[in-house]
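A structural walkthrough
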Amino acid sequence: MTAAPEDPPPELQVCALVREAVGWDRLVVVVARDVDTRAALRGSDAVLEGYCDLQQTLLQGPSLDAFTWGAPVVVDDLRARLPWPLLSSATPPDLPVRSVAVLPLLVPAGTPTDPADPPVQPDPSDPPGPALGVLTAGRDRVDPFTRAQVSVLTHLAAVVSALLVHRAATGELVAVDVAPNDDLAVAAGMLAEHLGATAGEAKSRLRAHAFTSGRTLNGLARAVLDGEVAVGDVAHPR
Amino acid sequence: MDVENRGTHASSPAQGRSSTADGGDADGLDGLARDLADLARALQSAASPQEVLDRAVTTAVALVPGAEAAGISLVRARRTVTSAAATSLPARRLDELQTELGEGPCLDAVFTHRSTRVDELARETSRWPALAARAGEIGLPSMLCLQLFVDGDTLGALNLLGAEPAAFGDASEQVGLLVAAHAAVAVADARQLAHTHLGLAHRDVIGQAKGILMERHRLSADQAFALLSSVSQDLNRKLHEVAADLAATGELPQRPQPRPQTGPPHRERRTQHPEQR
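To continue, consider the side chain of R38 of chain A. For R38 of chain A, the location among the structural elements is in strand 2 (residues 37-40). Judged by relative accessible area, R38 of chain A falls into the buried class, the value being 12%. Within polar-contact distance, the side chain of R38 of chain A engages the side chain of D53 of chain A at 3.1 Å. Within the structure, R38 of chain A has its side chain in polar contact with the side chain of Q56 of chain A (distance 2.7 Å). In contact with R38 of chain A, other than residues within four places in its own chain, are V30, V31, A32, C52, D53, Q56 and N218 of chain A together with R203 of chain B.

To continue, consider the sheet that holds strand 5 (residues 131-139) of chain A. All names here are of chain A. If you walk across this open sheet you meet the 5 strands as 2-1-5-4-3, and the pairing is antiparallel. Each having just a single partner strand, strand 2 and strand 3 (73-75) make up the two edges of the open sheet. Direction aside, neighbouring strands of the sheet carry axes that sit 15° apart on average. As paired strands, strand 1 (residues 26-34) and strand 2 are joined by 4 bridges and run antiparallel to one another. Counterpart to D34 in the pairing with strand 2 is T37. Strands in contact with helix 3 (residues 62-69) are strand 1, strand 3, strand 4 (99-106) and strand 5; relative to strand 5, the strand with the most contacts, it is inclined by about 145°.

The next subject is the nonpolar core. The nonpolar side chains of a soluble globular protein tend to be buried, and buried together. Counting 34 residues, the largest nonpolar core has V64, I72, L148, L158, L160 and V179 of chain B as the members making the most contacts within it. The dominant element in this core, judged by the number of residues it contributes, is helix 6 (residues 170-217) of chain B, at 10 residues. When near neighbours in sequence (up to four residues on either side) are disregarded, L158 of chain B contacts V57, A60, G71, I72, L144, C145, L146, L148, V179 and A180 of chain B. In terms of nonpolar packing, the next biggest core, distinct from the first, is built from 33 residues, L206, V224 and A235 of chain A together with A243 of chain B among them.

This next bit is on the packing of helix 6 of chain B against helix 8 (residues 239-249) of chain B. All names here are of chain B. Between helix 6 and helix 8, the least distance of the axes is 8 Å, while the angle of their chain directions is 55°. What the angle tells us is that helix 6 and helix 8 run oblique. Along this stretch, helix 6 crosses helix 8, giving a crossing that reads as left-handed. In contact with H202, V205, I206, Q208, A209, I212, L213 and R216 of helix 6, helix 8 contributes L239, H240, A243, A244, L246 and A247. Residue classes in the contact of helix 6 with helix 8 are distributed as 10 nonpolar, 3 polar and 1 charged.

Residue and element names in this part refer to chain A. Counting across every chain of the model gives 23 salt bridges over all chains. In this structure, R141 engages D25 in a salt bridge whose closest nitrogen and oxygen atoms are separated by 3.3 Å. A residue pair is termed long-range when its members are at least 10 positions apart, and R141 in the loop between strand 5 and helix 5 (147-170) and D25 in the loop between helix 1 (10-22) and strand 1 qualify at 116 residues. Of the residues examined, D25 reaches a relative accessible area of 32% and is grouped as partly exposed. Between D36 and R207 there is a salt bridge, with the nearest N and O atoms lying 2.7 Å from each other. Pair noted here: D36 is in the loop between strand 1 and strand 2 and R207 is in helix 8 (residues 199-213), with a separation of 171 residues, a long-range link.

Quick notes on the rules
Residues numbered from 1 in each chain as written. Chains lettered and ligands numbered in written order. Predicted model: local features only at pLDDT ≥ 70, side-chain atom pairs only at ≥ 80, totals over all residues. Heavy atoms only, no water. Helix = DSSP H or I, 4+ residues; strand = E, 2+ residues; numbered from the N terminus. Buried < 20%, exposed > 50% of the residue type's maximum accessible area, 1.4 Å probe, protein only. Polar contact = N/O pair within 3.5 Å; in protein donor to acceptor, adjacent residues only side chain to side chain. Contact = heavy atoms within 4.5 Å. Pairing = 2+ DSSP bridges. Axes fitted to C-alpha atoms, helices over the stretch in contact; angles between N-to-C directions. Core = buried A, V, L, I, M, F, W, Y, C linked by side-chain atoms within 4.5 Å. Parallel < 35°, antiparallel > 145°, perpendicular 65-115°, else oblique. Left-handed = near helix turned anticlockwise from the far one by under 90°. Nonpolar A, V, L, I, M, F, W, Y, C, P; charged D, E, K, R; others polar. Salt bridge = Lys/Arg side-chain N within 4 Å of Asp/Glu carboxyl O.

Structure representation (structure tokens):
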């Protein structure tokens, strides 16, 4: 399944097929290697992508938990008392999203290595493997995702994962659908050069500056690349 | 000839694990089932492809009757055998010898057979004469080689080595095939995950390298990318490799220079040495 450049990526086309059955207003698919090496698929919802950026900046939230623990995380109302105090306090009051379901994208289980082999059935009691990213569905009203809807989303996440690993193997995924978004890496490289530090240290500085200036990590990176924020100001905050 | 090539598929747990050839009582079968379930969980929860491989070889030695050592070999282009994981030196030495001599079970038999049993390598003088002559360098005489995956000219194999001649019986082969089936799924998963993560990692390191060049030389993003691309072409190296070098050392890999006629080479340093970072 290959999409033309103007079409949504195939993963989002598959998601669109079950949108009516589950019901969501927004959806984002994020592919991630770790918390700072990540990218939303082209065509994902910008508002949810921004909410993911905020979680990346603060290092807490439902997306990080789903990615880390490999299990779905459902939030009935983002304005209710949540187990992520920093995120709650930093979430813009006008964020339109209220209910979310976050599904980890796991390496497809039971992939046969030989076409002659039968697929191996995953045991539900088995612990999850490392995740490829997360899929987040959001509703703009308080309308909690039901167990049945989360079950459908879990199957959808499995299909999306299979598509992702297939397209990653051919190089198409990164080349076509996530490549343009390298702002954070570029800004980290600039700051690393300015400080004579590693990229990891530079990202820590960027994160600290983003937190104190009320921006997201990617928002700050974009501002640095646009010249709105000087690299020197991030390196040596006043 | 003491080699038995078996095209058998993985046995069901009911055919079981036993220290004797075909015994397998109920307790033994229960124990094997538990061990295999534990193996599946351990492999699935491994954090990296290397951890998957390391756990697979360690568990194979623990579960397969007669196994003294184990290794996972990757064969590329039916010519180069590398050790992806090994419990001890003999398993690595087997791979080194196969590459050096251009013969051995991983270079032919394991490509076409799920399981290849070698009772005594030193006696394989007709099939692998050069390897048989140097079998003493491995130090473990018998082998059980199990196919993990075949992808064109690339092979993954789980090799088990025994301390005695004919150390592996039918039970060893049956348990070995079950362990290999679990390991094969885990290895395939790990390879898929690595593919996906690698694409992101390359994009990240190329971005960092662009940022370094932009800051250092006051270039635009496009100019920085063009400079990286040009060095990559001049050196005939992949873009992400050039970028990784720059990100790690602070130095762009040097383009080939004409050798100076006299005097020592001079190289200007623009940044701190990486050890000073």
